[in-house]
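Descriptive structure summary
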Amino acid sequence: MISLKNVAKWYGSFQVLADCSTEVAKGEVVVVCGPSGSGKSTLIKCVNGLEPFQKGEITVDGISVGDPKTNLPKLRSRVGMVFQHFELFPHMTVMQNLTLGQVKVLGRSREEALQKGMKLLERVGLSAHKDKFPAQLSGGQQQRVAIARALSMDPIAMLFDEPTSALDPEMINEVLDVMVELAKEGMTMMVVTHEMGFARKVARRVIFMDAGRIVEDAGKEEFFGTPRSERAQLFLSKILHH
Amino acid sequence: MFAGYDFDVIQRSLPYLFRDGMTFTVTLTLIAMSGGIVFGTLLAMMRLSSFTPLSALSGGYVNLMRSVPLVLVIFWFFFLVPYIGAWAIGANEPIRVGAFWSAAITFTMFEAAYYCEIMRAGIQSIPRGQVWSGYALGLDYWQTMGHIVLPQAFRNMVPVLLTQTIILFQDTSLVYVISATDFLGAASKIANRDYRLVEMYTFVAVVYFIISYALSQVVRRLQDRIAVIR
Ligand SMILES: Nc1ncnc2c1ncn2[C@@H]1O[C@H](COP(=O)(O)OP(=O)(O)OP(=O)(O)O)[C@@H](O)[C@H]1O
Ligand SMILES: [Mg+2]
């Protein structure tokens, strides 16, 4: 479904990504972790073309992201993305957030979009909040709306960039629960997160990044059992101990 | 203290001052404001473009407009617009453009440079993530700008845009150089005809002050209310 081959990216002379290759098969959940600044966000933004890359190839459902001839908006409309800081549109109500893409990009009728939006809000348990503005919701609620917004486009895959790291601890689970459910339904997911509990529960593979490289790309059991690289061991011991 | 002055002249000329003069001033201000904000926003989008020729063109235009005195621009436009218009439509003779439309075009073009800088700051104040999340939904550049970035930028900048408009409102009085009958122009015609300079110019100053001051109070009230809550 998602395939990266020898992807490299530079900011000026600084190399953010080096020789990154991996695959996410249909229905697979892959967790990406690694220390701050290792290039996780950059990598996941390359997947739907939010960041350009200079070398290598990324394909999503067989379509090349780096090809200048590719219709990027169309490709992106088929890949959902959830950000660390939610990025709901603050000047629109929750429902308007959920219908904008459906109407403007997919060309659905307003009624159809509203119906779909309502169904998704029910699913994330927020239908009572449909006419509120994002600023009136808690962080956990905002992130659930953001997930619903991404799902409103009927994506073939979902990308998550640290969806819980801006949340207060007591709100993390309400978001993870939604994600776990999504994973169990067979959604293809690439998730940057340090929530190893989530990884243990639903991930098929774990990717560990360091200094712009994919240092480890292993099955979940193998990764949590005995990571091959020292860096990964050190990282794991740090985040598992608090 | 007011012996020798005749303040009745004001009352006698009120209809002329307001129906002709103030209407001209207000209409000119509103047209230049709307046109200037639209054109200025386009300039700001160009200026923020990663395509260098576009941003250089816009930057050059803005800097040029901001480095020449407005009076000169008004003056030059008044004489040039008929020729530019003729050239644009391929006519042989200079087209006839009245003082009003000449002024409207001039002020729109001139103010756009200032509105551009305001809108540029407004656009830059919107977090990058908002643009990303628009793109991630599959919106294209114009949709992301139109539905997400500009509405927020505009709302955040309304107080500054209005403050600039108050300055514009005062600056429109410079159309006296092309003998247009704006509020000041109308007052000065009466002043010279009846030889009541002190009375008329005092009155004009008071009116400009009251309107500008009232507007600036409105801006202050708006400030807290209109910004997008995030
Ligand atoms: N626009 C940019 N210009 C220059 N350097 C950048 C830019 N964006 C990111 N970087 C650098 O690229 C590197 C990777 O950044 P990235 O955000 O992908 O890391 P990350 O793994 O997501 O880190 P975190 O865990 O803090 O989110 C960092 O060193 C960062 O400073
Ligand atoms: Mg990051």
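Up top is the structure.
Remember, predicted model here, so these are calculated numbers, not experimental data.

Thresholds applied
Residues numbered from 1 in each chain as written. Chains lettered and ligands numbered in written order. Predicted model: local features only at pLDDT ≥ 70, side-chain atom pairs only at ≥ 80, totals over all residues. Heavy atoms only, no water. Helix = DSSP H or I, 4+ residues; strand = E, 2+ residues; numbered from the N terminus. Buried < 20%, exposed > 50% of the residue type's maximum accessible area, 1.4 Å probe, protein only. Contact = heavy atoms within 4.5 Å. Areas by Shrake-Rupley, 256 points an atom, 1.4 Å probe, with all protein chains shown as cover. Salt bridge = Lys/Arg side-chain N within 4 Å of Asp/Glu carboxyl O. Buried area = accessible area lost by both parts, 1.4 Å probe. Polar contact = N/O pair within 3.5 Å; in protein donor to acceptor, adjacent residues only side chain to side chain. Nonpolar A, V, L, I, M, F, W, Y, C, P; charged D, E, K, R; others polar. Pairing = 2+ DSSP bridges. Axes fitted to C-alpha atoms, helices over the stretch in contact; angles between N-to-C directions. Phe/Tyr/Trp six-rings, centres within 6.5 Å; stacked < 30°, edge-to-face > 60°. 1 Å grid on protein atoms, 1.4 Å probe; cavity = no way out; pocket = protein on both sides within 12 Å on 5 of 7 lines; lining within 4 Å. Points joined across faces, edges and corners; volume = space filled by probe spheres on them. Near = heavy atom within 4 Å. Expected span 1.5 Å × (residues − 1). Arc of directions from axis to C-beta. Disulfide = S-S within 2.5 Å. Lys, Arg positive; Asp, Glu negative; His and termini not counted.

Digging into the overall build of chain B
A count of helices and strands for chain B gives 8 helices and 0 strands. Beginning at the N terminus, the succession of helices and strands in chain B can be written as α-α-α-α-α-α-α-α. Dimensions of chain B, computed from C-alpha atoms along their principal axes, come out at roughly 75 × 55 × 25 Å. The proportion of buried residues among the 230 residues of chain B is 45%. For chain B, restricting intrachain contacts to residue pairs at least 6 apart in sequence, the fraction spanning at least 24 positions comes to 78%. Total accessible area computed for chain B in this model is approximately 12,200 Å², and 66% of it derives from carbon and sulfur atoms.

Let's talk about the pattern of salt bridges
All names here are of chain A. Under the criterion given, the structure shown has 16 salt bridges over all chains. Here Arg-108 makes a salt bridge to Asp-154, at a shortest N to O gap of 2.5 Å. You can see Arg-108 sitting in the loop between α3 (94-104) and α4 (110-123) and its partner Asp-154 sitting in the loop between α5 (139-151) and β7 (157-161), a full 46 residues away along the chain. With a shortest N-O distance of 3.1 Å, Lys-130 and Asp-131 are connected by a salt bridge.

As for the interface of chain B and chain A
Size of an interface, as often reported, equals the accessible area lost when the parts are brought together. Between chain B and chain A, the residue contacts involve 20 residues of the former and 23 residues of the latter. Summed over the three residues of chain B that lose the most area to chain A, namely B:Trp132, B:Ala136 and B:Leu137, the buried surface amounts to 34% of that side. Viewed at the interface, chain A and chain B are joined by 0 salt bridges. Our count for the chain B to chain A interface comes out at 5 residue pairs in polar contact (both at pLDDT 80 or more). For the side of chain B that touches chain A, the secondary-structure elements that each account for two or more residues are α5 (128-136) and α6 (141-171) of chain B. Of the residues contributing to the side of chain B that touches chain A, the split by class is 9 nonpolar, 8 polar and 3 charged.

Digging into the sheet that holds strand β3 (residues 29-33) of chain A
Residues and elements named next belong to chain A. One open sheet accounts for 6 strands, arranged β6-β7-β8-β3-β9-β10; its pairing is mixed. Lying at the two open borders of the sheet, with one neighbouring strand each, are β6 (79-82) and β10 (213-219). Taken pair by pair, the neighbouring strands of this sheet meet at an average axis angle of 15 degrees, ignoring direction. Where α5 meets the sheet, its contacts fall on β6 and β7, and the angle it forms with β6 comes to roughly 170 degrees.

Focus on the packing of aromatic side chains
All names here are of chain B. Enumeration according to the criterion identifies 15 aromatic pairs over all chains in this entry. Between Phe-39 and Tyr-61 the ring centres are 5.6 Å apart and the planes differ by 65 degrees, which places this aromatic pair in the edge-to-face class. You can see Phe-39 sitting in helix α1 (residues 8-47) and its partner Tyr-61 sitting in helix α2 (residues 52-67), a full 22 residues away along the chain. Its relative accessible area of 27% is what places Phe-39 among the partly exposed residues. Their ring planes at 55 degrees and their centres at 6.4 Å tell us that Phe-183 and Phe-203 sit as a pair that is tilted. A residue pair is termed long-range when its members are at least 10 positions apart, and Phe-183 in helix α7 (residues 183-194) and Phe-203 in helix α8 (residues 197-226) qualify at 20 residues. Assessed through its relative accessible area of 0%, Phe-183 is described here as buried. For Phe-203, a relative accessible area of 18% puts it in the buried group.

Some words on the layout of surface pockets
Residues and elements named next belong to chain B. Within this model, the largest pocket holds a volume of roughly 380 Å³. If you trace the largest pocket, you find 15 residues lining it, with Leu-48, Arg-128, Val-131, Tyr-141 and Met-145 closest to the centre. Mapped by element, the contributors of at least two residues to the lining of the largest pocket are α4 (99-124), α5 and α6. Here the lining of the largest pocket takes 4 residues from α6, the largest share from any one element. The residue makeup of the lining of the largest pocket, split by class, is 10 nonpolar, 4 polar and 1 charged.

Some details on the site of ligand 1
All names here are of chain A. Near ligand 1 the following residues occur: Tyr-11, Phe-14, Val-16, Pro-35, Ser-36, Gly-37, Ser-38, Gly-39, Lys-40, Ser-41, Thr-42 and Glu-162. Measuring from an oxygen atom of ligand 1, one finds a side-chain N or O atom of Ser-36 at 2.7 Å. Within the side chain of Thr-42, a nitrogen or oxygen atom sits 2.4 Å from an oxygen atom of ligand 1. The set of elements that each furnish at least two residues to the shell around ligand 1 consists of β2 (14-24) and α1 (40-47). The element that contributes the greatest number of residues to the shell around ligand 1 is α1, accounting for 3 residues. By residue class, the composition of the shell around ligand 1 is 4 nonpolar, 6 polar and 2 charged.

Structural notes on α2(B)
Residue and element names in this part refer to chain B. Between its first and last C-alpha, α2 extends 22 Å over 16 residues, near the 22 Å set by a 1.5 Å rise per residue. For α2, every residue scored as buried is listed here: Ser-55, Ser-58, Gly-59, Tyr-61, Val-62 and Met-65. Buried residues of α2 fall within an arc of 160 degrees about the axis and therefore sit on the same side. In α2, the exposed positions that point more than 90 degrees away from the buried face belong to Thr-52, Pro-53, Leu-57, Leu-64 and Ser-67. Contacts from the buried residues of α2 go to α1 and α4.

Structural notes on the state of the cysteines
All names here are of chain A. Per the stated rule, a full pass over the model turns up 0 disulfides over all chains. Cys-46 supplies the cysteine sulfur nearest to Cys-20, a cysteine that is in no disulfide, at a spacing of 8.6 Å. We note that Cys-33 lacks a disulfide partner, and the nearest cysteine sulfur, in Cys-20, lies 14 Å from it. Overall, the relative accessible area of 0% leaves Cys-33 in the buried class.

Points about the side chain of A:Lys45
Residue placement: A:Lys45 occurs in helix α1. Put simply, A:Lys45 is tucked away with no salt bridge, and the nearest opposite charge, on A:Asp161, sits 4.1 Å away.

Description of the environment of A:Gly101
Tracing the sequence through the fold places A:Gly101 in helix α3. Exposure remark for A:Gly101: the relative accessible area of 1% places this residue in the buried category. The spatial distance from the C-alpha of A:Gly101 to the C-alpha of A:Ala113 is 9.1 Å, given a sequence separation of 12 residues. In this view, A:Gly101 contacts A:Leu106, A:Met153 and B:Leu137; residues no more than four positions away in its chain are not counted.

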